[in-house]
Each structure stands twice: as structure tokens, then as C-alpha cells.
Amino acid sequence: FILTARIVVFKDDHLVLTRPDLGVKLGGGLYRDRRGGKWADPYADEVRLYNALIAESAALSGVDEVQFDYIRFPTEGAARAATYPHRKEGVTKVDIICQFLAEVKERVAKYNTSLAVDIFGVTAWQSKTDIESLGQDLKRMAKYLDVLSPMLYPSHFHYGYDGFDNPGAYPYYFINTGVRQARVILSGEATVLVPWIQGF
């Protein structure tokens, strides 16, 4: 068997409540997603270092794999109006996610620990809007990863996506198409594709 340590990265109530200066902002306070969750600013060097050290600690403890979840920017609710206090001029969301992965890869390499990432299934469709808002680009992330897991949940695709009124009623289409497209995007990369499928 493989022992995996799952780490929720940028959606982090505990960190943001302890250090509000490291949080994503909205108006005069902290941004909250639809469930009230608070997010740390991925542009903040301290936020990335904090998560990189957690990953290194997990690797040091002997886990076979570190799996990152919520390794993205928030997109729910009023996310478009959210601000990132630590944003760097000319550095995109995709750039900063890849920078974090590069930092982690360097730290855990000596432990022979596999690096895995959960990623939104919609990224397999390569919509520029989705890539830029999430900060998730399969091809650019792949070179830092051993495993990439697109979350291909048909019910999470919006009404009318790819011409389907109710994507949740067409699981085969969305899972099959997502895997096929992701394999094309990742051709030439050593990254293993392990899709999450909907079971809820």
C-alpha cells in the first residue's frame, strides 16, 4: 500500500485567523467563499514557505506521497472582487502556483517522496478563463509532479457546459473526455494521471 499525506494548501481558516495579514481580502475584511471558508494569499512568501515546510515534515515522517488539495486561487462568490495584498507585479496566478510547486519539489526530493496534486477537472478543457482564475495549468504544473489528479465530477460542470444542459447526467462523457484531453496535454511528461471520479 501507499501512505499519502493530504495537505489542504491555500484554503486555510486556521492560518488566516491567526495571521489576517496573510489572507485574501475583500473590502475591508477577509474574503470568504460560499461556505464561509477563508483563504491564504498564495503570493505571500510566508504562506508558501509554511505549506512547503508542512510538506517537508510529512516527507521526513516517512509518507510515500504528499498530495496537495486546494492548490489554487478562490473562485466562488465575490472572488472576482477579492484582492491579494502580496501580489507581485507581472507574476500571474499560474506563475505563483508553479513557483510553490518548484519550492516544494526541491525540499522533498531528498526524501524520495512522490508529489501529487488534486486539480479541477475543468482544466482539462483548457479554457483560458479557468486557467487564469484558478491558477491551474496542467502542462506547466506537470514538470514538478509525479501524480496529477483531475477531479472529474460531472455534477460540478455548469449548465450548458460542452453543450450539455445537465452535465451531471452524462458521467461517461465528462470523465472519458476529461481523461482523454488531459492525456493529450500531458503527452511527453512523466507525470502519472490518476483521475478522481464522482462517488457522492
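Preceding this paragraph is the structure being described.
Given the structure is predicted, the values throughout are model-derived calculations rather than measurements. (Residues numbered from 1 in each chain as written. Predicted model: local features only at pLDDT ≥ 70, side-chain atom pairs only at ≥ 80, totals over all residues. Heavy atoms only, no water.)

Two side chains of opposite charge can pair, provided their charged atoms sit close to one another. Taken as a whole, this structure holds 13 salt bridges when the rule is applied. One salt bridge in this structure joins aspartate 45 and arginine 48, with 2.8 Å as the shortest N-O distance. Linking aspartate 45 with arginine 48, this pair stays in helix 2 (residues 45–60), spanning three residues, or about one helical turn. Residue arginine 48 is classed as buried on the basis of its relative accessible area of 3%. Here glutamate 56 ties to lysine 110 by a salt bridge, and the two come within 3.4 Å at their closest N and O atoms. Taken together, the positions of glutamate 56 in helix 2 and lysine 110 in the loop between helix 3 (93–108) and strand 5 (114–120) put the pair 54 residues apart, joining distant regions of the chain. Where salt bridges share partners, they join Asp45, Arg48, Lys88 and Glu103 into one cluster. (Salt bridge = Lys/Arg side-chain N within 4 Å of Asp/Glu carboxyl O. Helix = DSSP H or I, 4+ residues; strand = E, 2+ residues; numbered from the N terminus. Buried < 20%, exposed > 50% of the residue type's maximum accessible area, 1.4 Å probe, protein only.)

Looking now at the environment of lysine 88. When you line up the elements, lysine 88 lands in the loop between strand 4 (65–69) and helix 3. Along the backbone, lysine 88 and glutamine 67 are 21 residues apart, and their C-alpha atoms lie at a distance of 27 Å. Engagement of the side chain of lysine 88 in a polar contact is seen with the side chain of aspartate 45, the distance being 3.4 Å. (Polar contact = N/O pair within 3.5 Å; in protein donor to acceptor, adjacent residues only side chain to side chain.)

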